[in-house]
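Listed here are the chains, written in short residue letters.
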Amino acid sequence: MPIKIGKTSCFCVNDSGEVVGNLNDKKGKCMKRFQRPTFFVKALVLLSLCIMLLSCARYVKETSHLQADAKLHILIASDASDFKDAIRNRLVDHYKATANVDVVNLSTLENIQGEKYDAIVIMDSCWVKSHLNYSFKGFLDGLNDESHVVLFLTTGSHEWDYQYKNLDAITSASVVENEEAVFTQLKSRIDTVLVAAD
């Protein structure tokens, strides 16, 4: 119920006497002090946030490097970051002359049949200790034998140890100075897996 205070200011008061709005619009309607955002405003804010997040997201370009006489087949599943991109590109360059190498985005891993690969390299980020990405965790759970999987996780600290099933992950902070050491470790593990498969 509106009440008038002075000549120019009007306020709306609820039944308990609290001021809940003012009556200063030209139509004489009670206007709430704090209007709730309309559905349109909420949808616009949500859409803006989604666009901003998608523009920040980076995806791995999925490629296949095939050799006519290659006996070995390697899968590299990864998310994208400058550090992992550099290591992934070095691994592809190293193996593409002697093996078929498929590179896929980590999010598509659960749709891939792992048994057709001699070596599977999974590269991901781990932000919270012992919490692994569900898409590759589901993929690993579906494998009959994970001995041909090489797991690499970028972490907050190289001192964290990660183990899932029988896999010991190679871990490293995403620091450019670590690139050579990580590449060497990954190559060594991949070579061990490929020797066992050949």
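Anyway, here's the lowdown on the structure attached to this text. In this text, all values refer to a predicted model and were calculated from it rather than measured experimentally.

Procedures and definitions
- Residues numbered from 1 in each chain as written.
- Predicted model: local features only at pLDDT ≥ 70, side-chain atom pairs only at ≥ 80, totals over all residues.
- Heavy atoms only, no water.
- Patch = residues over 30% accessible without salt bridge, like charges linked within 9 Å, V, L, I, M, F, W, Y side chains within 5 Å.
- Areas by Shrake-Rupley, 256 points an atom, 1.4 Å probe, with all protein chains shown as cover.
- Salt bridge = Lys/Arg side-chain N within 4 Å of Asp/Glu carboxyl O.
- Helix = DSSP H or I, 4+ residues; strand = E, 2+ residues; numbered from the N terminus.
- Pairing = 2+ DSSP bridges.
- Axes fitted to C-alpha atoms, helices over the stretch in contact; angles between N-to-C directions.
- Contact = heavy atoms within 4.5 Å.
- Buried < 20%, exposed > 50% of the residue type's maximum accessible area, 1.4 Å probe, protein only.
- Core = buried A, V, L, I, M, F, W, Y, C linked by side-chain atoms within 4.5 Å.
- Phe/Tyr/Trp six-rings, centres within 6.5 Å; stacked < 30°, edge-to-face > 60°.
- Lys NZ or Arg CZ within 6 Å of the ring centre and 35° of its normal.
- Parallel < 35°, antiparallel > 145°, perpendicular 65-115°, else oblique.
- Left-handed = near helix turned anticlockwise from the far one by under 90°.
- Nonpolar A, V, L, I, M, F, W, Y, C, P; charged D, E, K, R; others polar.
- Right-handed = clockwise from strand over helix to strand, strands pointing away.

## So, a nonpolar patch on the surface
- A grouping of F40, V41, L44 and V45 is seen on the molecular surface, where their side chains present a nonpolar patch of about 390 Å² in accessible area.
- Its place among the elements puts V45 in helix 1 (residues 39-56).

## Concerning the sheet that holds strand 12 (residues 170-172)
- Strands sit in the order 5-7-6-8-9-12 across an open sheet of six strands; the sheet is mixed. The open sheet terminates on both sides in strands that have one partner only, identified here as strand 5 (63-65) and strand 12. Geometrically, the sheet is characterised by an average inter-axis angle of 15° between neighbouring strands, direction not taken into account.
- Relative to strand 7 (residues 100-105), strand 5 runs antiparallel, the two being bridged by three bridges. Looking at the pairing, S64 lines up with D102 of strand 7.
- Contacts from helix 4 (residues 179-197) reach strand 6 (73-78), strand 8 (119-125), strand 9 (149-154) and strand 12, with the element oriented near 165° to strand 9.

## Here we look at the pattern of salt bridges
- Within this structure, the stated rule accounts for five salt bridges.
- The partner of E179 in a salt bridge is R90, and the shortest N-O contact between them spans 3.4 Å. With E179 in helix 4 and R90 in helix 2 (residues 82-95), the pair connects residues that are 89 residues apart, well separated along the chain.
- Of the residues examined, E179 reaches a relative accessible area of 18% and is grouped as buried.
- With relative accessibility at 25%, the residue R90 sits in the partly exposed group.
- Where salt bridges share partners, they join R90, E179 and E180 into one cluster.

## So, the nonpolar core
- Membership of the largest hydrophobic core comes to 24 residues, with the highest contact counts inside it found for I74, I76, I87, L91, F152, L186 and I190.
- Within the residue set of this core, elements represented by two or more residues are strand 6, helix 2, strand 7, strand 8, strand 9 and helix 4.
- With six residues, helix 4 is the single largest residue contributor to this core.
- The residues touching L91, leaving out its near neighbours within four places in the chain, are I76, V121, F183, L186, K187 and I190.
- Of all hydrophobic cores here, the second largest spans 19 residues; its members include C126, L143, L153 and L167.

## A short note on the environment of Q185
- Along the chain, the position of Q185 falls in helix 4.
- A sequence separation of 33 residues divides Q185 from F152, and the C-alpha atoms of the two residues are 9.7 Å apart.

## Comments concerning the packing of aromatic side chains
- Going through the model one piece at a time under the given rule, you end up with one aromatic pair.
- Here F83 and F152 contribute two aromatic rings whose centre-to-centre distance is 6.3 Å and whose plane-to-plane angle is 50°, an arrangement assigned as tilted. Of this pair, F83 sits in helix 2 while F152 sits in strand 9, placing them 69 residues apart in sequence. Take F83 and F152: they sit in the same class, and that class is buried.
- Here the guanidinium or amino end of R90 rests over the ring plane of F183, the centre of that ring lying 4.1 Å away.

## So, the packing of helix 2 against helix 4
- Where helix 2 contacts helix 4, the two axes come as close as 10 Å, and the packing angle between them is 45°. Taken together, the axes of helix 2 and helix 4 lie oblique to each other. Along this stretch, helix 2 crosses helix 4, giving a crossing that reads as right-handed. On helix 4, the residues touching F83, A86, I87, R90, L91, H94 and Y95 of helix 2 are E179, E180, V182, F183, L186, K187, I190, D191 and L194.
- Across the contact of helix 2 with helix 4, the residue classes break down as ten nonpolar, one polar and five charged.

## Details of the pairing of strand 6
- Burial within strand 6 is extensive, with six of its six residues counted as buried.
- Judged by which residues are buried, strand 6 turns out to be covered on both faces: H73, L75 and A77 on one side and I74, I76 and S78 on the other are all buried.
- The sheet contact formed by strand 6 and strand 7 spans six bridges and is parallel. Counted as the bridge partner of I74 is V101 from strand 7.
- Taking the sense of rotation as the criterion, the β-α-β connection linking strand 6, helix 2 and strand 7 turns out right-handed.

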